[in-house]
Amino acid sequence: MRGFDAEFSNLDTYIRVITARIWEGRRIDDIYRYYSNPCVVETPASVSTDIEDVVRGTRATLVAFPDRRLLAEDIIVSGDAVGGFLSSHRIISTMTHAGDGAFGAPTGNKVIVRTIADCVCRDNRIVHEWLVRDQSAIAKQIGIAPAALARRWLAVSQVQDEKCKVQSGRAVWGKRAANAAPDGYFSFFSDDADAQLYANAIADFSGAINAAGAYDEAVHQCAPGGRTHHGRDDAAGYWRQLFSCFSVKDFVIEHLAVQADDGRAKRIALRWRARAVHCGAGEFGAATGKIVEVMGINHVEIWRNLVIREWVLIDEIALWMQVLADERVVQ
């Protein structure tokens, strides 16, 4: 772990310790110690670069959900100390909606939500992050329809800047392009046969090909919106349903890593991005013909060359915002 504090013997320990300090220990100022400035943080709905955005976002989350816990389900590691490690950190959070914030007035409802954060780590700091949270699961648990929350967030994020030439009051989708990862860091693409088979299966689903053969017949899938599916047909059905709403024009695999520890199933982390047309009636309403970006991070466990467990992180609120927006602005 060259460049890291001596207390960190590996990246798994580093991520667990700093997450516990910042969130569980409420040591928010440790963000200045463990994040670079600037640090690009990209979510499906936003891009930030200033470390103050990370601090403000953390504080705002703890106002709305003051008892939030971050429980590490898994961390899948790739890379090295030279170009930068990457931790794909799957988290389950338990919390109570007890304060005002982006999700509205407090409801007192208990919430369980999953997040995956892909963090490039170098010299004791997180230097670039991709983060996907199951925002629609939060919405449902506090009694807000995902489409209604998307409308609320669009209203809040109306672009007022004159250079964008957007009429005041219109709902605008204005996510800007993210900066590239830091010089010297290269995304990891495993040549492991099981990883390649799974990545190709997701790409095949996006092209309307039935790729259900990648799954064990008893697969357990955790899907967006807090849903769970059991069995090969239901797991494959989730992907077919998604890509019947969004016809994919470009599908890109951004990261593919494998961890195979003794005594455990093989674990795979896949980050992908698709440019698609909202072309089919379904969960996201009547087809609009709008171009949307779908940003996903998946974790799977493989046993005997088949997927036995799958976690799919897609922000359905970000998809709704793109479907409902009156106008798209490139900032």
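None of these values were measured; they are calculated from a predicted model.

How each quantity is defined
- Per chain, residues are indexed from 1 in the order of the written sequence.
- In keeping with the predicted nature of the model, local features appear solely for residues at pLDDT of at least 70, side-chain atom pairs appear and are counted solely at 80 or more, and the whole-chain, interface and lining totals rest on all residues.
- Side-chain measures here rest on the full set of heavy atoms in the structure, leaving out hydrogens and waters.
- Note on pairing: DSSP must find at least two bridges between two strands before they are called paired.
- A run of H or I in DSSP counts as a helix once it spans at least four residues, and a run of E counts as a strand once it spans at least two, with each numbered from the N terminus.
- Whether two residues touch is decided by their heavy atoms; if any such pair falls within 4.5 Å, the residues are in contact.
- Fitting a line to C-alpha atoms yields each axis, with helices limited to the stretch in contact; the angle taken between N-to-C directions then spans 0 to 180 degrees.
- Classification of residues uses two cut-offs on accessible area relative to the type maximum, computed with a 1.4 Å probe and protein chains only: under 20% is buried, over 50% is exposed, and between them is partly exposed.
- Side-chain rings of Phe, Tyr and Trp (the six-membered ring for Trp) are treated as a pair once their centres are within 6.5 Å; stacked means planes under 30 degrees apart, edge-to-face means over 60, and tilted covers the remaining angles.
- Two conditions define a charge located above a ring, namely a distance within 6 Å from the ring centre to NZ of Lys or CZ of Arg, and an angle within 35 degrees of the ring normal.
- Nonpolar core, defined: a set of buried Ala, Val, Leu, Ile, Met, Phe, Trp, Tyr and Cys residues in which side-chain atoms within 4.5 Å join the residues together.
- Salt bridges are identified by distance alone: a Lys or Arg side-chain nitrogen within 4 Å of an Asp or Glu carboxyl oxygen.

**Q** Quick rundown of the sheet that holds strand β5 (residues 110-122)? Include the residues and the values.
**A** Judged by pairing direction, the sheet is mixed, and its 6 strands sit side by side in the order β2-β1-β6-β5-β4-β3 without closing on themselves. What marks the edges here is a single partner per strand, and that holds for β2 (47-48) and β3 (69-80). Pairing between strand β4 (residues 84-96) and β5: 12 bridges, direction antiparallel. Bridge pairing in β5 places M95 opposite V111. Strands in contact with helix α1 (residues 11-24) are β1 (35-42), β3, β4, β5 and β6 (125-133); relative to β3, the strand with the most contacts, it is inclined by about 145 degrees. Contacting β1, β2 and β4, helix α3 (residues 51-64) runs over the sheet at an angle of about 65 degrees to β1.

**Q** Describe in detail the pairing of β5, supporting the description with residues and values.
**A** Burial analysis of β5 places 11 of its 13 residues in the buried class, the great majority of the element. Pairing geometry for β5 and β6, over 8 bridges, is antiparallel. Note that in β6 the partner of A117 across the bridge is L131. Taken together, β5 and the strand that follows it, β6, pair antiparallel across an intervening segment of 2 residues, in which D123 is found at a positive phi of about 50 degrees.

**Q** Any details on the packing of aromatic side chains? Residues and values, ideally.
**A** Across all of its chains, the model carries 16 aromatic pairs by this definition. Aromatic side chains F251 and W272 sit 5.3 Å apart centroid to centroid with 20 degrees between the ring planes, which places their arrangement in the stacked category. Of the two residues, F251 is situated in strand β10 (residues 246-259) and W272 in strand β11 (residues 266-278); the sequence distance between them amounts to 21 residues. By relative accessible area, which is 0% here, W272 ends up buried. Among the aromatic side chains, those forming a connected cluster through ring pairs are F205, Y215, Y238, W239, F243, F251 and W272. A cation over an aromatic ring shows up here: R90 above the ring of W311, its NZ or CZ 3.6 Å from the ring centre.

**Q** Account for the side chain of D192, naming residues and giving values.
**A** Assignment of secondary structure puts D192 in the loop between β7 (172-173) and α6 (193-206). When sequence neighbours within four positions are dropped, the list of residues in contact with D192 reads V258 and K266.

**Q** Can you break down the nonpolar core residue by residue, with the values?
**A** Y198, F205, Y215, W239, F246, W272 and I314 are the most contacted members of the largest nonpolar core, which has 60 residues in total. Broken down by element, this core gets its largest block of residues, 7 residues, from helix α7 (residues 232-245). In this structure I314 touches V132, D134, P224, Y238, W239, L242, W272, V294, M295, G296 and L319, once residues within four positions along its chain are discounted. Core analysis: the second largest hydrophobic core is formed by 28 residues, L11, Y14, I22 and L70 among them.

**Q** Tell me about the pattern of salt bridges, and please be specific about residues and values.
**A** Pairing between side chains becomes possible if they bear opposite charge and their charged atoms approach one another. A complete count under the given rule lists 24 salt bridges for this structure. One salt bridge connects R33 with D5, and the closest N-O pair in it is separated by 3.1 Å. Taken together, the positions of R33 in helix α2 (residues 31-34) and D5 in the segment before α1 put the pair 28 residues apart, joining distant regions of the chain. Overall, the relative accessible area of 37% leaves R33 in the partly exposed class.

**Q** Describe the pairing of β1, listing the residues and the values that go with them.
**A** Burial analysis of β1 places 6 of its 8 residues in the buried class, which makes it a mostly covered element. Bridge count between β1 and β6: 4 bridges; the pairing is parallel. Counted as the bridge partner of V41 is E129 from β6. Looking at chain direction, β1 and β2 are connected through 2 bridges and run antiparallel. Following the sheet pairing, V41 is matched in β2 by S48. Connecting β1 to the antiparallel partner β2 that follows it, the hairpin turn spans 4 residues.

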